[in-house]
Amino acid sequence: MPKRSSTFLETDRLVLRPFTDADAPHLLALDNDPEVMRYINGGRPATADAIRGRTLPRLLHDHPCTGTRGFWAAEEKATGTFLGWFELRPLADHDATVVELGYRLNRAAWGRGYATEGARALVDKGFADLGAERVTANTMAVNAGSRRVMEKTGLTFLRAYTEDWPDAIEGSEHGEVEYVLTRAEWEARQA
């Protein structure tokens, strides 16, 4: 399959590409699945206005320090099917050294290794090409699936903490966890 001009990153089974306004229906479907959103907002549905007014602008944002966006649409390479998105974005717009890893995939993609495959490729690109010195990822302590992806990606548990949730959701009483991988740890694993 020829490489697409708008492709940011390819893996064996995934194509990560910049979002466009045309992705709004995919994002609306993704964010309206209560299981996908369980650990994000308790499974509350999204509106088309929220996708256009809040979600898409965040996903379309360019980060000056990396010269890239921080979020990419994930498609199955063989079929072009929209699977969700991946994030590797600087925590500060003008500092590429600390980046946050994230992912949100539709249920049809769960349990197939896509999250780990995409996350590993983004971590490698962050350290090899984008100037990252530290990758961090966070989730609810009870989100065992996301925690497994972080561990399989090479991140290690750093800390547990609590945040004020404006609208508490089931499991938020157990707090959050942060995982991390430094450039030195990543380089040691490459050797």
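Residues numbered from 1 in each chain as written. Predicted model: local features only at pLDDT ≥ 70, side-chain atom pairs only at ≥ 80, totals over all residues. Heavy atoms only, no water.

Undergrad: Looking at this model, I keep getting lost on helix H3 (residues 48–59). Mind explaining?
TA: Quick reminder: α-helices carry 3.6 residues per turn. Residues three or four places apart thus point the same way. Of the positions making up H3, those classed as buried are Ala50, Ile51, Thr55, Leu56 and Leu59. Across the axial projection of H3, the buried residues extend over an arc of 145°, all falling on one side. What points out from H3, more than 90 degrees from its buried face, is the exposed set Asp49, Gly53 and Arg54. Buried residues along H3 sit against helix H1 (24–31), strand E4 (68–69) and strand E5 (71–76). (Buried < 20%, exposed > 50% of the residue type's maximum accessible area, 1.4 Å probe, protein only. Helix = DSSP H or I, 4+ residues; strand = E, 2+ residues; numbered from the N terminus. Arc of directions from axis to C-beta. Contact = heavy atoms within 4.5 Å.)

Undergrad: Looking at this structure, I do not really get the sheet that holds strand E9 (residues 156–161). What am I missing?
TA: Strands pair in a sheet through their backbones, by hydrogen bonds, and they do so in one of two ways: parallel or antiparallel. Overall, mixed pairing links the eight strands, which are arranged E1-E2-E5-E6-E7-E8-E10-E9 in an open sheet. Single-partner strands in this sheet number two, and they are strand E1 (9–10) and E9. As judged from the eight bridges shared by strand E6 (residues 82–92) and strand E7 (residues 95–105), these two strands associate in the antiparallel manner. In the strand pairing of E7, alanine 92 is matched with aspartate 95. Sheet strands in contact with helix H4 (residues 114–129) are E1, strand E2 (14–18), E5, E6, E7, strand E8 (134–140) and strand E10 (176–182), and its direction is about 30° off that of E6. (Pairing = 2+ DSSP bridges. Axes fitted to C-alpha atoms, helices over the stretch in contact; angles between N-to-C directions.)

Undergrad: Explain the pattern of salt bridges to me, please; I cannot follow it from the model alone.
TA: This model, assessed by the stated rule, comprises 16 salt bridges. For glutamate 133, the salt bridge goes to arginine 183, with nearest N and O atoms at 3.0 Å. Of this pair, glutamate 133 sits in the loop between H4 and E8 while arginine 183 sits in helix H6 (residues 183–190), and the two are 50 residues apart along the sequence. Across the pair glutamate 187 and arginine 183 runs a salt bridge whose closest N-O atoms are separated by 3.6 Å. In this pair, glutamate 187 and arginine 183 both sit in helix H6, four residues apart, roughly one turn of the helix. Taken together, the salt bridges that share partners define one network made up of Arg17, Asp23 and Glu75. (Salt bridge = Lys/Arg side-chain N within 4 Å of Asp/Glu carboxyl O.)

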